[in-house]
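A look at the structure
Each chain is listed here by its residues.
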Amino acid sequence: MTFVSRSLKLLDRAIMKLEEIILSWSIIMIAVMIVGNVLSRTFFGTSWSFHQEVSQFAVIIATFMGISYAARKGRHISMSAFYDLAPFKIRKALSIFIPALTAIILFTFAYFAYHYMISVYHTSRVTTALQVPAYLMSVFIPVGFTLGGIQFLRNMWINIKEKDVYLAMDRKDYT
């Protein structure tokens, strides 16, 4: 294994760990904000003014960072009725075509999301309760789309390289 190959594997593992940490903390934050606000309303009669912003931020992070993680693990949503019934050669062709097309779409979305984030940045808006710059809520959108596109390219590549059909780099097709 070459130095570049080892370095890329190490980078991939680090990105996966970072994704896991980000996703875990965003889900925990959503739960804490929702349950905490309900308890606050029940016992003290007041809502937390910031809970909606923090929850919204965490949902955005979980959604868009989750694209990459789901693609990495082969757990993304798929419409597989035709795919499952297809003969091996067609499944193999689809296992290359579908991730390639998905990657192109995700990279296109990343491009537009980046420009949206920049436009929000230039407005200098801040959130109502926490007074956090509004563009920070959209930073994870182009990042998630880009990482998701990279994962789908990897899924395409493993299907080009290997004889079997793979749903992800280390997950063979279940059929």
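Structure report, in brief. (Residues numbered from 1 in each chain as written. Predicted model: local features only at pLDDT ≥ 70, side-chain atom pairs only at ≥ 80, totals over all residues. Heavy atoms only, no water.)

**Topic: the overall build of the chain**
We apply this condition: A run of H or I in DSSP counts as a helix once it spans at least four residues, and a run of E counts as a strand once it spans at least two, with each numbered from the N terminus. We compute the radius of gyration over the C-alpha atoms and compare it with the globule rule, which gives 2.2 Å times the number of residues raised to the power 0.38. Here's how the labels work: a residue is buried when its accessible area is under 20% of the maximum for its type, exposed when over 50%, partly exposed in between, all with a 1.4 Å probe on protein chains only. Only heavy atoms matter for contacts: two residues are in contact if any of them lie within 4.5 Å across the pair. Only the protein chains shown count as covering a residue, and every accessible area follows the Shrake-Rupley method with a 1.4 Å probe. Neither His nor the chain ends is counted toward charge; the positive residues are Lys and Arg and the negative residues Asp and Glu. Each charge is placed at NZ for Lys, CZ for Arg, CG for Asp and CD for Glu.
Summing up its helical and strand segments, the chain has five helices and two strands in all. Its helices and strands in sequence order give the chain the pattern α-α-α-α-α-β-β, from N to C terminus. Relative to the globule expectation of 16 Å for 175 residues, the C-alpha radius of gyration of the chain, 20 Å, shows a markedly less compact shape. A buried classification covers 35% of the 175 residues belonging to the chain. When contacts within the chain are restricted to residue pairs at least 6 apart in sequence, long-range pairs at least 24 apart make up 71% of them. Of the roughly 11,200 Å² of accessible surface on the chain, 72% is carried by carbon and sulfur atoms. Treating the 17 positive side-chain charges of the chain as one cloud and the 9 negative ones as another, the clouds have centres 3 Å apart.

**Side note on the pattern of salt bridges**
Quick note on the threshold: We define a salt bridge as a side-chain nitrogen of Lys or Arg found within 4 Å of a carboxyl oxygen belonging to Asp or Glu.
Scanning the entire structure with this criterion turns up four salt bridges. Where arginine 72 meets glutamate 19, a salt bridge forms, and the shortest distance between an N and an O atom there is 3.2 Å. Of this pair, arginine 72 sits in helix H2 (residues 51-73) while glutamate 19 sits in helix H1 (residues 3-44), placing them 53 residues apart in sequence. When sorted by exposure, arginine 72 lands in the same class as glutamate 19, which is buried. Connected through shared salt-bridge partners, Asp12, Glu19, Arg72 and Arg154 make up one network.

**So, the side chain of arginine 72**
According to the relative accessible area criterion, arginine 72 is buried, its value standing at 5%. With sequence-adjacent residues up to four places away left out, arginine 72 is seen in contact with Asp12, Ile15, Met16, Glu19, Gln151, Arg154, Ala168, Met169 and Asp170.

**Topic: the packing of aromatic side chains**
Filter applied, for reference: Pairing of aromatic side chains requires ring centres within 6.5 Å, counting the rings of Phe and Tyr and the six-membered ring of Trp. Pairs whose planes differ by under 30 degrees are stacked, by over 60 edge-to-face, and all others tilted.
Counted according to the given criterion, the structure contains six aromatic pairs. Relative to phenylalanine 145, the ring of phenylalanine 64 has its centre 5.2 Å away and its plane inclined at 75°; by these criteria the two rings are edge-to-face. Residue phenylalanine 64 is found in helix H2, and its partner phenylalanine 145 is found in helix H5 (residues 140-161); the two are separated by 81 residues along the sequence. Looking at phenylalanine 145, the relative accessible area reads 11%, which means it is buried. Judged by centre distance (4.9 Å) and plane angle (85°), the rings of tyrosine 121 and tyrosine 135 are edge-to-face. Linking tyrosine 121 in helix H4 (residues 88-123) with tyrosine 135 in the loop between H4 and H5, this pair joins segments that are 14 residues apart in sequence. According to the relative accessible area criterion, tyrosine 135 is partly exposed, its value standing at 24%. Members of the aromatic cluster, connected to one another through ring pairs, are Phe64, Phe109 and Phe145.

**Observations regarding H1**
Operational definition: Expected helix span is computed as 1.5 Å times (number of residues minus one).
Across its 42 residues, H1 extends 59 Å between first and last C-alpha, which sits within 8% of the 62 Å expected from 1.5 Å per residue. Within H1, burial applies to Met16, Glu19, Ile22, Leu23, Ser26, Ile30, Met33, Gly36, Asn37 and Ser40. Lining the buried residues of H1 we find H2 and H5. Glycine 45 lies just past H1 and shows a positive phi near 75°.

**Observations concerning the nonpolar core**
This is how it is decided: What is meant by a nonpolar core is a set of buried Ala, Val, Leu, Ile, Met, Phe, Trp, Tyr and Cys residues, joined one to another through side-chain atoms within 4.5 Å.
Counting 11 residues, the largest nonpolar core is built from Ile60, Phe64, Ala71, Ala103, Leu106, Ala110, Ala113, Met137, Ile141, Phe145 and Phe152. Contributions of two or more residues to this core are made by H2, H4 and H5. A total of four residues in this core trace back to one element, the largest contributor, which is H4. What alanine 113 contacts, discounting residues up to four positions off in sequence, is Ile141, Pro142 and Phe145.

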